[in-house]
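Next come the chains, spelled out residue by residue.
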Amino acid sequence: MTSYLIRNARILGGEPQDIRIADGVIAEIGAGLAADGGQEIQADGLIALPGLVDLHTHLREPGREDAETVLTGTRAAAKGGFTAVHAMANTFPVADTAGVVEQVWRLGRESGYCDVQPIGAVTVGLEGKQLAELGAMADSAAQVRVFSDDGKCVDDAVIMRRALEYVKAFGGVVAQHAQEPRLTEGAQMNEGVVSGELGLRGWPAVAEESIIARDVLLAAHVGSRLHVCHLSTAGSVEIVRWAKGKGWDVTAEVTPHHLLLTDELVRSYDAVYKVNPPLRTQEDVLALREALADGTIDIVATDHAPHPAEDKDCEWAAAAMGMVGLETALSVVQATMVDTGLIGWAEVAERMSAKPAAISGVPGHGRPLAVGEPANVVLYDAGHRAEVDPAAFATRSRNTPYRGMELPGRVVATFLRGEAKVLDGELQ
Ligand SMILES: [Zn+2]
């Protein structure tokens with residue numbers, strides 16, 4: 001196994017130090033470390049972060065390999081600085097049995113680019129009617145701890161209550177896609193001024209907020225743990241803040257696109273901006289940034305949702321919902337949270353590595369950059385600026401809302417347990 005001596009990296013944005021990586025772990029940290037024959041990497045000016053962990057990734061395999069595979073998705077993840085991703089359950093077949101989650105887990109091991117931790121469905125077939133085999137998935141080789149019907153909401157309160165109760169037995173968590181289905185029938189975009197002007201069916205904030213309010217109460221009632229997926233409104237922030245103030249075990253995520261983009265973009269009728277939950281207003285965007293800064297929102301998760309061109313390059317109403325995000329996430333977080341002075345790099349590491357790993361319990365990730373820890377390390381050039389070029393993506397799909405937009409930052413290197421998966425910005 002190759003050993004590496006990284007010269008003058010700024011750990012979490014601090015003073016330059018050398019980092020020696022050997023035998024899969026961080027072997028030494030200090031100024032002016034002696035060369036020992038390992039490969040030297042000049043990291044002057046680069047920031048060193050722990051390998052990022054994504055709690056919300058759609059890898060599409062099995063079933064939609066035309067959009068993404070575990071291999072292409074994990075290559076995209078490595079290019080984005082991720083060393084672990086959590087694969088959502090809305091595949092074909094649905095990941096609602098031990099067999100399917102083990103298949104995804106094995107595909108991740110074979111890909112080798114980053115660790116893949118499958119998420120199990122809460123209900124059979126994501127149909128919201130009958131609990132899936134949660135215990136069998138937890139006991140499987142994949143050791144599933146996060147359960148979600150993401151893409152669909154577990155809207156039946158009794159089913160949601162049972163799921164919350166069930167996962168307590170093995171320290172699991174239910175990750176809810178909060179969308180009251182009756183309030184969003186046929187909905188095409190955020191309900192507000194823009195939807196009124198465009199004449200598109202609105203998707204009201206209350207459809208998200210009413211489910212979050214119900215779920216934090218349910219989680220408190222049964223003493224279980226709830227995670228709120230891709231929170232998108234200022235009102236949702238207030239509910240989570242209230243629940244946390246009560247001491248309830250609730251965590252929440254925000255996507256990079258909800259930190260940057262608003263529903264004004266829908267005026268273009270370009271379906272690349274069609275996403276679930278929808279892009280909201282500037283007021284919501286600012287509330288989400290503030291909540292991520294003050295810890296009300298715990299983590300950033302990409303909701304990377306690849307789609308082939310034929311599912312996006314069509315009229316708005318017919319287009320699929322979702323955006324790719326793995327390869328731009330860190331840049332968008334830099335632009336919206338770091339360059340705006342809201343948080344520093346230590347907080348980025350907390351919200352994109354330590355905390356998501358803690359929520360899921362995925363072993364060996366989210367650890368500090370310290371001697372003896374697994375060498376999951378990202379080197380990042382925050383001073384780089386470039387226009388986003390989807391042609392350069394490793395993901396199989398191209399549905400990025402940032403095409404041609406200038407964003408800061410570039411992942412220069414990603415190490416997974418001491419092995420370089422990305423060097424000089426290129427997959428290895
Ligand atoms: Zn979702």
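About the cut-offs
- Residues numbered from 1 in each chain as written.
- Predicted model: local features only at pLDDT ≥ 70, side-chain atom pairs only at ≥ 80, totals over all residues.
- Heavy atoms only, no water.
- Helix = DSSP H or I, 4+ residues; strand = E, 2+ residues; numbered from the N terminus.
- Rg over C-alpha atoms; globule rule 2.2 N^0.38 Å.
- Buried < 20%, exposed > 50% of the residue type's maximum accessible area, 1.4 Å probe, protein only.
- Contact = heavy atoms within 4.5 Å.
- Areas by Shrake-Rupley, 256 points an atom, 1.4 Å probe, with all protein chains shown as cover.
- Salt bridge = Lys/Arg side-chain N within 4 Å of Asp/Glu carboxyl O.
- Pairing = 2+ DSSP bridges.
- Arc of directions from axis to C-beta.
- Core = buried A, V, L, I, M, F, W, Y, C linked by side-chain atoms within 4.5 Å.
- Axes fitted to C-alpha atoms, helices over the stretch in contact; angles between N-to-C directions.
- Parallel < 35°, antiparallel > 145°, perpendicular 65-115°, else oblique.
- Left-handed = near helix turned anticlockwise from the far one by under 90°.
- Expected span 1.5 Å × (residues − 1).
- Bend = angle between axes of the 7 residues up to and from the residue.
- UniProt positions renumbered as here; feature names shortened; annotations may be inferred.

J.: Describe the overall build of the protein chain, with residues and values.
T.: The number of helices and strands found in the protein chain is 12 helices and 19 strands. The globule rule puts the C-alpha radius of gyration for 428 residues at 22 Å, and the 21 Å found for the protein chain is close to it. C-alpha extents for the protein chain along the principal axes are approximately 65 × 45 × 45 Å. Expressed as a percentage of its 428 residues, the buried residues of the protein chain come to 61%. Long-range contacts, defined as pairs at least 24 residues apart, comprise 74% of the intrachain contacts of the protein chain with a sequence gap of at least 6. Surface accessibility of the protein chain: about 15,600 Å² in total, with carbon and sulfur atoms responsible for 49%.

J.: Break down the pattern of salt bridges for me, with residues and values.
T.: One pass over the full model with this rule turns up 21 salt bridges. A salt bridge links glutamate 28 to arginine 20, with the nearest nitrogen and oxygen atoms 2.9 Å apart. The partner of lysine 421 in a salt bridge is glutamate 419, and the shortest N-O contact between them spans 3.1 Å. Among the residues examined, glutamate 419 registers a relative accessible area of 39% and is labelled partly exposed. Salt bridges here are not isolated pairs; linked through shared partners, they connect Arg7, Asp18 and Glu40.

J.: Give a detailed account of the sheet that holds strand β9 (residues 146-147), specifying residues and quantitative values.
T.: Note: strands within a sheet are paired through backbone hydrogen bonds, in either parallel or antiparallel orientation. With parallel pairing, 5 strands are arranged side by side in an open sheet as β9-β10-β13-β14-β15. Each of the sheet's edge strands pairs with one partner strand only, and the pair in question is β9 and β15 (299-300). Where strand β10 (residues 173-176) meets strand β13 (residues 226-228), 3 bridges bridge the pair, whose relative direction is parallel. The partner of valine 174 across the bridge, within β13, is leucine 226.

J.: Talk me through helix α4 (residues 157-167); I want residue IDs and the actual numbers.
T.: Considered for burial, the residues of α4 that qualify are Ile159, Met160, Ala163, Leu164 and Val167. Take α4 and look down its axis: the buried residues cluster within an arc of 135°, on one side only. The secondary structure elements touched by the buried residues of α4 are α3 (134-139), β9, β10, α6 (205-222) and β13.

J.: Hey, could you go over the nonpolar core for me, with residue numbers and the actual values?
T.: Judged by nonpolar contacts, the single largest core of 76 residues is most densely connected at Leu330 and Met352. Broken down by element, the residue count for this core peaks at 6 residues, all from α6.

J.: Explain the packing of helix α1 (residues 70-79) against helix α2 (residues 98-111) to me, and be specific about the residues and the numbers.
T.: Viewed as axis vectors pointing N to C, α1 and α2 meet at an angle of 55°, and their least axial separation amounts to 9 Å. As summarised for this structure, α1 and α2 are arranged oblique, according to the angle between their axes. Our pair here, α1 against α2, has a crossing hand that is right-handed. Contacts from Val70, Leu71 and Thr74 in α1 reach Leu107, Gly108 and Ser111 in α2.

J.: Can you break down helix α12 (residues 345-360) residue by residue, with the values?
T.: Note: α-helices contain 3.6 residues per turn, so residues at a spacing of three or four share the same orientation. The terminal C-alpha atoms of α12, which comprises 16 residues, lie 22 Å apart, in line with the 22 Å expected from a rise of 1.5 Å per residue. For α12, the principal kink sits at arginine 351 and spans about 35°. Within the span of α12, buried status applies to Trp345, Val348, Ala349, Arg351, Met352, Ser353, Pro356, Ala357, Ile359 and Ser360. A positive backbone phi angle near 75° is found at glycine 361, which sits one or two residues after α12.

J.: How would you sum up the UniProt feature "active site" (unreviewed entry) in the protein chain? Please name residues and give values.
T.: As recorded in UniProt, the feature "active site" (unreviewed entry) lies at Asp303. Note that aspartate 303 resides in the loop between β15 and α10 (309-312). Looking at aspartate 303, the relative accessible area reads 5%, which means it is buried. If we ignore the near neighbours within four places in the chain, the residues touching aspartate 303 are His56, His58, Asp150, His230, Thr255, His257, Asn276 and Met323.

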